[in-house]
Each structure stands twice: as structure tokens, then as C-alpha cells.
Amino acid sequence: DARVTQTPRHKVTEMGQEVTMRCQPILGHNTVFWYRQTMMQGLELLAYFRNRAPLDDSGMPKDRFSAEMPDATLATLKIQPSEPRDSAVYFCASGDSGREKLFFGSGTQLSVL
Amino acid sequence: QKEVEQDPGPLSVPEGAIVSLNCTYSNSAFQYFMWYRQYSRKGPELLMYTYSSGNKEDGRFTAQVDKSSKYISLFIRDSQPSDSATYLCAIDSGGGADGLTFGKGTHLIIQP
């Protein structure tokens, strides 16, 4: 059963530390998305890639966040330095460009103390 | 005005009731309308997808779109406790998976 895999599931860290979240998209999918979910803002798009190329990262605070796809099986989202306001659930999703169905991972619950 | 508005709830109804969930949107360029269901501690999963105005039915679920009013609805018949989740509407202008705009979600509770 194909699924998007995210690691870690939970991360607790101290302010100022680097955080790296990883995502393995579904094999064959050529679009990858990073979303952040909070109670106040809901789901916010941070970045997305098509065929590993970044297409839009306008939702991401670029001074501290970076997103990459080193290869087709791995997407990463890094926060350096982390801040308490970054506490949220971060979701990765993948899909076929031209189709509307996004498959989401189970998310990384990040707490920055 | 936000592009997609959705009442966060919670909405609590007894088992067996008909549930109506709604979203309004502001951008008339939106063409594709989706409903995602999100269980606690899980990622959203696509429940319904529709393109045109009118109704689309899938089992106990019916998605309705009124483009003239910029209003979309999801109806759940014979609601079950397993339907308890957060339901997010998602709207797209380009027809692909790029650039989906999500509502904040409505938390639904079905009481046994």
C-alpha cells in the first residue's frame, strides 16, 4: 500500500537548535508539498516541488527555513535556528502533476521550547 | 477577506443524523473543489472531488457546488461515529495539485 512517509513523527527541541524533517514521497509522484498546520492558521503551504525543482517557496520564512529534494525519494525541510513560534505539525504530501489528489504523510509534530 | 472560509465548529450531532458542512470562497477563478477528511494525529485524505456546479454522490457522501454563490457543501447521510474527524475543503484554480487553498477545517463529532 503506497504511502508518504515522514520522519520523525515527533520532535521536541530547544529554541535555536536546527531541526530537519524528512519525507519519502510515493514512488512515481512528481510533485511534493510541505504544509504547516496550526489551530490558528490551518494548513499553510510552505513549499512545493515538481520533478525535484522548487516551484514556490513564498510561504516559507527564508531566513530560517529551507526545503530541498536531494533525490526523487527524499524531501527535506530544515529550520535553523528554530523558534517557539515554529511549533506546529508539518505535513509532506505528494501527487501526480495534473491530477488533483494529494497524498499526505502522518506529519511531524514539532515543539520548540 | 480570506480566500476560503470555513466554520471551525465543533459540530456535534447524534448518530444517524444528516450532517451539512460548508465553505465559502471569494475567488471566482477557482474551478476544482475537494473535501479532505483528517482524523486525529493523521494527515488529511481526499474524500470527494468535483469540478462543476451541482451534486456529486459517493455512498453516504454528497458534495455540492454552487459557483454563482461561491458556496460548497458536503453532506453526510446516516452519520456514524467513525465519521468523527475534521473536514477541510480545498479549492484549486488551475486543475492540478499545485496551489490548493485549504479551509481551516470543521471539527465534526458524531455522538453514539
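Refer to the preceding data block for the structure.
Residues numbered from 1 in each chain as written. Chains lettered and ligands numbered in written order. Predicted model: local features only at pLDDT ≥ 70, side-chain atom pairs only at ≥ 80, totals over all residues. Heavy atoms only, no water.

Enquirer: Explanation requested: the overall build of chain B in the structure shown.
Expert: Tallying secondary structure elements over chain B gives 0 helices and 11 strands in all. In chain B, the succession of helices and strands from N to C terminus is β-β-β-β-β-β-β-β-β-β-β. For 112 residues, the compact-globule estimate of 2.2 N^0.38 gives 13 Å, and the C-alpha radius of gyration of chain B, at 13 Å, lies within 12% of that figure. Out of the 112 residues in chain B, the part that is buried amounts to 45%. In chain B, 54% of the contacts between residues at least 6 apart in sequence involve partners at least 24 apart. As displayed, chain B has an accessible area near 5300 Å², and 47% of this comes from carbon and sulfur atoms. Of the side-chain charges in chain B, 10 are positive and 12 negative, and the distance between the mean point of each set is 3 Å. (Helix = DSSP H or I, 4+ residues; strand = E, 2+ residues; numbered from the N terminus. Rg over C-alpha atoms; globule rule 2.2 N^0.38 Å. Buried < 20%, exposed > 50% of the residue type's maximum accessible area, 1.4 Å probe, protein only. Contact = heavy atoms within 4.5 Å. Areas by Shrake-Rupley, 256 points an atom, 1.4 Å probe, with all protein chains shown as cover. Lys, Arg positive; Asp, Glu negative; His and termini not counted. Charge placed at Lys NZ, Arg CZ, Asp CG, Glu CD.)

Enquirer: Sorry if this is basic, but what is going on with the packing of aromatic side chains here?
Expert: Two aromatic rings, taken as a pair, are described by how far apart their centres are and by the angle between their planes. A complete count under the given rule lists 11 aromatic pairs over all chains for this structure. Here Y32 of chain B and Y51 of chain B contribute two aromatic rings whose centre-to-centre distance is 4.9 Å and whose plane-to-plane angle is 40°, an arrangement assigned as tilted. Taken as a pair, Y32 of chain B in strand 4 (residues 32-38) and Y51 of chain B in the loop between strand 5 (45-50) and strand 6 (54-58) lie far apart in primary sequence, 19 residues in all. A relative accessible area of 40% places Y51 of chain B in the partly exposed class. Connected via pairs of aromatic rings, a cluster forms that spans F33, Y35, Y48, F91 and F104 of chain A together with Y36 and F102 of chain B. A cation over a ring is seen here: K67 of chain B above Y51 of chain B, with NZ or CZ 4.8 Å from the ring centre. (Phe/Tyr/Trp six-rings, centres within 6.5 Å; stacked < 30°, edge-to-face > 60°. Lys NZ or Arg CZ within 6 Å of the ring centre and 35° of its normal.)

Enquirer: Before we go on, may I ask you to explain the sheet that holds strand 3 (residues 19-24) of chain A in this structure?
Expert: What holds strands together in a sheet is hydrogen bonding between their backbones, with the strands either parallel or antiparallel. Residues and elements named next belong to chain A. Spatially, 4 strands are ordered 1-3-8-7 in an open sheet, and the strand pairing comes out antiparallel. In this open sheet, the two strands that pair with only one neighbour each are strand 1 (5-7) and strand 7 (65-71). Ignoring strand direction, the axes of neighbouring strands in this sheet form an average angle of 20°. In this structure, strand 7 lies alongside strand 8 (residues 74-79), joined through 5 bridges in antiparallel fashion. Pairing of A67 across the sheet is with L77, part of strand 8. (Pairing = 2+ DSSP bridges. Axes fitted to C-alpha atoms, helices over the stretch in contact; angles between N-to-C directions.)

Enquirer: In this structure, what is going on with the state of the cysteines? I would like to understand it.
Expert: Where two cysteines share a covalent bond between their sulfur atoms, that bond is called a disulfide. All names here are of chain B. A full pass over the atoms with the stated rule returns 2 disulfides over all chains. With its sulfur 2.0 Å from that of its partner, C23 forms a disulfide with C89. Every disulfide takes its handedness from the sign of the S-S torsion; for C23 and C89 that torsion is -95°, giving left-handed. Highlighted residues: C23 in strand 3 (residues 19-25) and C89 in strand 9 (residues 85-92), separated in sequence by 66 residues. Note on C23: relative accessible area 1%, which makes it buried. When its relative accessible area of 0% is taken as the criterion, C89 is described as buried. (Disulfide = S-S within 2.5 Å.)

Enquirer: I'm lost on the nonpolar core in this one. Help?
Expert: It is characteristic of soluble globular proteins that their nonpolar side chains tend to be buried jointly. Counting 23 residues, the largest nonpolar core has W35, I72, L74 and Y87 of chain B as its most contacted members. Residue assignment for this core shows that the elements contributing at least two residues are strand 3, strand 4, strand 5, strand 7 (61-66), strand 8 (71-76), strand 9 and strand 11 (106-111) of chain B. Judged by nonpolar contacts, the second largest core, of 22 residues, contains V4, A47, Y90 and C92 of chain A. (Core = buried A, V, L, I, M, F, W, Y, C linked by side-chain atoms within 4.5 Å.)

Enquirer: What am I meant to see in the pairing of strand 4 (residues 31-38) of chain A here?
Expert: Side-chain positions along a regular strand alternate between the two faces of the sheet. Residues and elements named next belong to chain A. Most of strand 4 sits inside the fold, with 7 of its 8 residues counted as buried. Both strand 4 and strand 5 (residues 42-50) contribute to a ladder of 8 bridges, which runs antiparallel. Across the sheet, the residue bridging to V32 is F49, located in strand 5. Taking the residues that link successive antiparallel strands as the turn, the strand 4-strand 5 hairpin has 3 residues.

Enquirer: Explain the sheet that holds strand 1 (residues 4-6) of chain B here, please?
Expert: Residues and elements named next belong to chain B. The sheet built from 5 strands is open, its strands ordered 1-3-8-7-6 with antiparallel pairing. Every interior strand has two partners, whereas the edge strands, strand 1 and strand 6, have only one. For this sheet the average axis-to-axis angle between neighbouring strands, irrespective of direction, equals 20°. Bridge analysis of strand 7 against strand 8 gives 6 bridges, and the strand direction is antiparallel.

Function cannot be read off these values alone, since they describe shape.
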